[in-house]
Amino acid sequence: MQNLFAGNIRRLLINADLDYDKIYEIRLRVGRPLFYTYDGGEGFLTDEDGKYVVTREDLKETMEYVSGYSLYSYEDEVRQGFLTVQGGHRVGVTGKVILDGNEIRGMKYISCINVRLAHEVVGCADPVMPYIRKRDWVAHTLIVSPPRGGKTTLLRDIIRQLSNGKEKFPGMTVGVVDERSELAGSYQGVPQNDLGMRTDVLDGCPKAEGMEMLIRSMSPAVVAVDELGREEDFKAVESVIHSGCKVIATAHGNSIEDVIQQPLFENLVRRRVFERYIFLDRGDHAGTIQGIYDRNGRRC
């Protein structure tokens, strides 16, 4: 992972001897201190003169490494504001956006790079699996947490466990729509994260279109998506449910009240579509389970 960065920054990372299992992001902004966020706060990388200030040359060199000296080949990804690199890490970028009418054509004069480190926590779904999986039954499940609360990490392990099966529970075919390349962390089409042996991934595909594609062509028993948000996403969820598939999804929020207040969610909650709600909070660490509830709002 250190090889993604410019030489000056790479040396600072090596000397700092960081525990990358606990680091979420390393952020480079031109003319600003180089810092990282971790489970509990943020820290700065320093040299003999104090906090290291990122230069434009640092960004240019880092982008060359990230893109394999061929930024042009990542043009479509840059247009979305991020690239996915080997290891499943996501590199977000900001700068001057190039428009063609109302359509984003690309980006230049990149001024910030945010490297979000991919984390797999195998087994983190163990406490919730008894609530969402019986031998012949899987619950339509919504995982809710604040940003960086661990919902994507939990969803990833749920997918893996459903796909592989365990003891008396046979494995299931799972279809994943990975719109932002965070769940599978695909690099050149190959998932870098372990989502199980029976999982099919649509990488970089809009959620609504992807759910419809999976239903038509891949015969999944379960469809999994991260961060429902657009109106068309919810219509696609309805289609998945009507097709007989189970849905495992995530959303931003702190409580059931937060979810209900979002108009697009309110209809699904009122109709009791989701059979399990899993709420996470930051607690002492990301992924702390705040509560698990049934479709009627009762704690399980």
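Report follows, based on the coordinates. As the structure is a computational prediction, the values presented were derived from the model and not from experiment. (Residues numbered from 1 in each chain as written. Predicted model: local features only at pLDDT ≥ 70, side-chain atom pairs only at ≥ 80, totals over all residues. Heavy atoms only, no water.)

**Overview of unusual backbone geometry**
Point 1. For Asp-17, which is not glycine, the phi torsion reads 50° and is therefore positive.
Point 2. If you trace the backbone, Asp-17 turns up in the loop between helix H1 (7-16) and strand S1 (23-29).
Point 3. Classification of Asp-17 as exposed rests on a relative accessible area of 67%.
Point 4. In this structure, Glu-167 takes a positive phi of about 50° despite not being glycine.
Point 5. For Glu-167, the position within the fold is in the loop between helix H5 (151-164) and strand S12 (174-178).
Point 6. When its relative accessible area of 78% is taken as the criterion, Glu-167 is described as exposed. (Helix = DSSP H or I, 4+ residues; strand = E, 2+ residues; numbered from the N terminus. Buried < 20%, exposed > 50% of the residue type's maximum accessible area, 1.4 Å probe, protein only.)

**Details of a nonpolar patch on the surface**
Point 1. Taken together, the side chains of Val-97, Leu-99 and Ile-104 define a hydrophobic patch exposed on the protein surface, amounting to about 250 Å² of accessible area.
Point 2. On the basis of relative accessibility, which here comes to 36%, the residue Ile-104 falls in the partly exposed class. (Patch = residues over 30% accessible without salt bridge, like charges linked within 9 Å, V, L, I, M, F, W, Y side chains within 5 Å. Areas by Shrake-Rupley, 256 points an atom, 1.4 Å probe, with all protein chains shown as cover. Salt bridge = Lys/Arg side-chain N within 4 Å of Asp/Glu carboxyl O.)

**Observations concerning the sheet that holds strand S16 (residues 276-281)**
Point 1. Strand order across the open sheet formed by seven strands is S13-S12-S14-S15-S11-S16-S17, with mixed pairing between neighbours. This sheet does not close on itself; its edge strands, each paired only once, are strand S13 (199-203) and strand S17 (288-294). Taken over all neighbouring pairs, the strand axes of this sheet differ in orientation by 15° on average, direction set aside.
Point 2. Here S12 runs beside strand S14 (residues 222-225); their pairing, made up of four bridges, is parallel. Across the sheet, the residue bridging to Gly-175 is Val-223, located in S14.
Point 3. Contacts between helix H6 (residues 207-217) and the sheet are confined to S12, S13 and S14, with S12 contributing the most and set at about 155° to the helix. (Pairing = 2+ DSSP bridges. Axes fitted to C-alpha atoms, helices over the stretch in contact; angles between N-to-C directions. Contact = heavy atoms within 4.5 Å.)

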